[in-house]
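If you want the building blocks of each chain, they are given just below.
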Amino acid sequence: QVRRVAARGGSDTTTGAYVHMQRIGVLVEIEGGTPELCTDVAMHVAAMNPAYATKEDVPADDVEKERAILTAQVADSGKPEEIIQKMVEGRLNKFLSENCLVSQQYVKTNDRTVGKLLEENGAKMIGFTRIAVGEGIEKKEDDFAAEVAAMAAGN
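To keep things clear, this report deals only with the structure shown in the data block. In this text the structure is predicted, and so the values were computed from the model without any measurement. (Residues numbered from 1 in each chain as written. Predicted model: local features only at pLDDT ≥ 70, side-chain atom pairs only at ≥ 80, totals over all residues. Heavy atoms only, no water.)

Assignment of secondary structure puts Glu29 in strand β2 (residues 24-32). Those residues in contact with Glu29, other than ones at most four positions away along the chain, are Arg8, Gly9, Gly10, Thr13, Thr14, Thr15, Met125, Ile126 and Gly127. (Helix = DSSP H or I, 4+ residues; strand = E, 2+ residues; numbered from the N terminus. Contact = heavy atoms within 4.5 Å.)

What follows is the structure, encoded as structure tokens:
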């Protein structure tokens, strides 16, 4: 049963797809490059599950929320305010590099980032869509104790 369908690409972009063991499907869209490059990047997305394609794709709300969390973590360190700000910015950059596709180490070779790989092949990341089997399906939660109590009350 199909629950979700995704489409990417246009006449001026290159697209590629990768399906990992019939459990994870990825569509990648780039400007320039080849379909083989798209497939390689799609394999990386299937393996690493980045939240965003580029730093520009990260919503401002998410950045501010992460900044607030990081600030709270280092606030009671006793360091001067300017040092705290540098620590927060450094950790925020680390967060972005771990969660943005183009900033991640390319999993196939581990010698460059995905962004560098795209740049070397004359391509620019447009976006990706990753779908996993069972993702987003609400599971019915059973409260066994309440069920037994209800049955006992009924007898």
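For the rest of this paragraph, the subject is the environment of Ala6. Within the secondary structure layout, Ala6 lies in the segment before β1 (14-20). C-alpha separation for the pair Ala6 and Arg130, spaced 124 residues apart in sequence, amounts to 9.0 Å.

In the structure shown here, the tally under the stated rule is seven salt bridges. Put simply, Arg67 and Glu64 hold a salt bridge, and the shortest N to O gap is 2.8 Å. Of this pair, Arg67 and Glu64 both sit in helix α2 (residues 60-74), three residues apart, which is roughly one turn of that helix. One salt bridge connects Asp111 with Arg112, and the closest N-O pair in it is separated by 3.8 Å. (Salt bridge = Lys/Arg side-chain N within 4 Å of Asp/Glu carboxyl O.)

As far as function goes, none of this settles anything; it's purely spatial.
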